[in-house]
Amino acid sequence: MTNTATGIVRALNSGIKHIATKRFTLRYPEEKLKFVGDGYQFDPSTGVGIAGLKGRHMLFHDHCTGCQLCSIACEGVAEAIAMVKVPEEQKQNKKSIMPQIDYGKCVFCGLCVDACPFYALYMTNDYELSSFSKEGLIYTPAQLAVKPYVEQDSEIVITKNGATHG
Amino acid sequence: MTAELPPGLAIQKVDERIMTLNVGPQHPGSGHMRIVVQIDGDYIVACDPDPGYVHRGEEKMAEYRNYITNIPHLERPVIHDSCNVLYPYVLGVEELLGIEVPERAKYVRVICSELNRCIYIMYWLAIYGIFLGHSTMFMWPAGDRELLIDLMEKISGARVTHAHFVPGGVRNDLPPNFEEVCLRQVNYFEKRIKEYAAVFYDNPILISRTQDTGVLSREDAIRLGTTGSVLRASGVNYDLRQKEPYDVYDELDVHSPVMKEGDSYARSKIPWLDMLESCKIIRQALEKMPKSGSVRVKLKPNPKGKGLDSVYKRVESGRGSLGCHIVSDGKVEPYRLKLSVGSFRNLIALPYLLKGEKLGNMPSVYWSLNYWPVEADR
């Protein structure tokens, strides 16, 4: 236990040292954090996922069979997935139904991706989903098929003068 | 009318000197909870903690969902410590199903669990700092958490609610090159938290405010059933990672810190020492972890238990022992799920600690109990 005077001087000194250390704050949205990979994916043949950010989904129309397993997986979690009719005709999708996701309800747990046995549903690095209306948060199968454009390059760099986002 | 009213609402005949104060339910601390205190001048005469404002019915919700879809909502009580909250549930379901988890998955779980413990304690420490009016201690932990949140984000893809543990292992393998990044950031994190000693723990102002306030003796700590950092601050060396090792904790060197004082200062210092210990455990786990191999056992869709069965598992969370009792009747949903949480058990000590203290010491004693309102209410 230090005595009072030296204790206060040590505390002040510890704070003053921070003038020389680098700023750790990430200046979002000018800088954006870089994530590993292209988003969370799942390989049904091995039953193990591939690490990545759990962001907005991406749907591959040529793989989706309309089996509703993603919708069933979401039932006990958020009820965010609804199966809707799509105008296009895919030969593997007889019923022409595909998932439509309401991001006002989605909790981004990724259990729907784990449930998909046909490599049709993945998650991407896109997390900026804000909208002015509730309807704007509902993504139709056509919107989900678009690969998002993401520019994320900032990473944590540890230097002698402290950590920073570079 | 002599209807039985809750203690906070009952009309009581009191001395004119005694004033009743409602602290909360809305207050600057995290989570809603009320403390009804009776004060005589500046001294607390009696105190009645009143939790229950953030009750979410997690246990009842679990009865209507299958074993896999229970995962996202069961980690909501403590989103900062989500891996540890899920840990006993996942261990319990594994025992019900009779699954053996791959070795690598066990190590990944230990790493996630220790990272989450540090993330939780940093958040707790930030609020403890602001409770005492020490804004530097709010800014530094809140910023340095980012180092570990970044690691958890790389592992699981989510910053707070990871939903990473599943019965049978973990959702996905570690990303490539993770060991190196993890070691670098955890080493820097350890260096940073050691700097907190000068600005906070050795600071005479903190010491004068917390030392000898709210003293919980060793006997009382055991009698009241406290757990985790509160129990260890009173001189009882009881850590489930040592006493009942789960997963691979028996292969790792765990020396959980113990202090004898039992005052607010000891209770605030134990979590900090815990973090230093966690950094050592993470380094050991990274070293001993098998470099490759499966991380998840493939389960059948809709796993269910074998007939009437029950299992109780507990782990050491950021707030002490966290138990999960699952009763299965052979269906896809659990028949009953009961969580026994450290927060609620530690709250019981509050009325005993605050009696005779000054009102100004209430925040430092209350938050030093490592209490998380949302987890206590479940």
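Overview of the structure. (Residues numbered from 1 in each chain as written. Chains lettered and ligands numbered in written order. Predicted model: local features only at pLDDT ≥ 70, side-chain atom pairs only at ≥ 80, totals over all residues. Heavy atoms only, no water.)

## Some details on the overall build of chain B
- Within chain B, the secondary structure is distributed over 15 helices and eight strands.
- Taking 21 Å as the expected radius of gyration for a compact globule of 378 residues, we find that chain B reaches 21 Å, a close match to that expectation.
- Seen through its principal axes, chain B has C-alpha atoms that stretch 70 × 55 × 35 Å.
- For chain B, with 378 residues in total, the buried portion stands at 62%.
- Intrachain contacts of chain B at a sequence separation of at least 6 include 71% that bridge at least 24 residues.
- Of the accessible surface of chain B, which amounts to about 14,500 Å², a share of 53% is contributed by carbon and sulfur atoms.
- Across chain B, the centroid of the 47 positively charged side chains sits 3 Å from that of the 48 negatively charged ones. (Helix = DSSP H or I, 4+ residues; strand = E, 2+ residues; numbered from the N terminus. Rg over C-alpha atoms; globule rule 2.2 N^0.38 Å. Buried < 20%, exposed > 50% of the residue type's maximum accessible area, 1.4 Å probe, protein only. Contact = heavy atoms within 4.5 Å. Areas by Shrake-Rupley, 256 points an atom, 1.4 Å probe, with all protein chains shown as cover. Lys, Arg positive; Asp, Glu negative; His and termini not counted. Charge placed at Lys NZ, Arg CZ, Asp CG, Glu CD.)

## Quick look at the sheet that holds strand β2 (residues 34–40) of chain B
Residues and elements named next belong to chain B.
- One open sheet holds the three strands; their spatial order is β1-β2-β3, and the pairing between them is antiparallel. Here the strands that pair on one side only, and so sit at the sheet edges, are β1 (18–23) and β3 (43–50). Adjacent strand axes in the sheet meet at a mean angle of 20° when their direction is disregarded.
- Bridge count between β1 and β2: six bridges; the pairing is antiparallel. Residue pairing for β2: L21 is matched across the bridge by V37. (Pairing = 2+ DSSP bridges. Axes fitted to C-alpha atoms, helices over the stretch in contact; angles between N-to-C directions.)

## Brief notes about the side chain of T161 of chain B
- Along the chain, the position of T161 of chain B falls in the loop between α5 (135–156) and β4 (165–166).
- According to the relative accessible area criterion, T161 of chain B is buried, its value standing at 13%.

## A short note on the pairing of strand β7 (residues 320–329) of chain B
Residues and elements named next belong to chain B.
- Burial analysis of β7 places eight of its 10 residues in the buried class, which makes it a mostly covered element.
- The pairing of strand β6 (residues 308–317) with β7 spans 10 bridges and is classified as antiparallel. Residue pairing for β7: L308 is matched across the bridge by D329.
- Remark: two residues form the turn of the hairpin made by β6 and β7, two consecutive strands paired antiparallel.
- For β7 and strand β8 (residues 336–340), the ladder comprises five bridges, and the chain directions are antiparallel. Bridging across to β8, C324 finds its partner in L339.

## A short note on the pattern of salt bridges
Residues and elements named next belong to chain B.
- Counted by the stated rule, this structure contains 35 salt bridges over all chains.
- The salt bridge involving E114 is made with R117; its shortest N-O contact spans 3.1 Å. A residue pair is termed a helical-turn pair when its members lie 3 or 4 positions apart in one helix, as E114 and R117 do in helix α4 (residues 103–131) at three residues.
- A salt bridge links E375 to R319, with the shortest nitrogen-to-oxygen separation between them at 2.6 Å. With E375 in helix α15 (residues 373–377) and R319 in the loop between β6 and β7, this pair connects stretches of sequence that are 56 residues apart.
- Because the salt bridges share partners, they merge into one network encompassing E114, R117, R232, D239, R241, D274 and E316. (Salt bridge = Lys/Arg side-chain N within 4 Å of Asp/Glu carboxyl O.)

## A short note on unusual backbone geometry
- Look at the link from Y28 of chain A to P29 of chain A: it is a cis peptide, with omega at 5°.
- Along the polypeptide, P29 of chain A turns up in the loop between α1 (4–16) and β1 (41–43).
- Residues other than glycine seldom take positive phi values, yet Y119 of chain A does so here, at roughly 55°.
- Here Y119 of chain A is to be found in the loop between α3 (111–115) and β6 (121–123).
- The phi torsion at D212 of chain B lies on the positive side, around 60°, for a residue other than glycine.
- The residue D212 of chain B is located in the loop between α7 (204–210) and α8 (218–223) in this model.
- Using a relative accessible area of 61% as the deciding quantity, one classes D212 of chain B as exposed.

## Observations regarding helix α3 (residues 82–97) of chain B
Residue and element names in this part refer to chain B.
- Between its terminal C-alpha atoms α3 stretches 23 Å, which fits the 22 Å expected from 16 residues at 1.5 Å a residue.
- The largest bend along α3 measures about 25° and falls at P88.
- Of all 16 residues that make up α3, 15 are buried, and the element is covered over most of its length.
- Among the residues trailing α3, G98 stands out with phi positive, at a value near 70°. (Expected span 1.5 Å × (residues − 1). Bend = angle between axes of the 7 residues up to and from the residue.)

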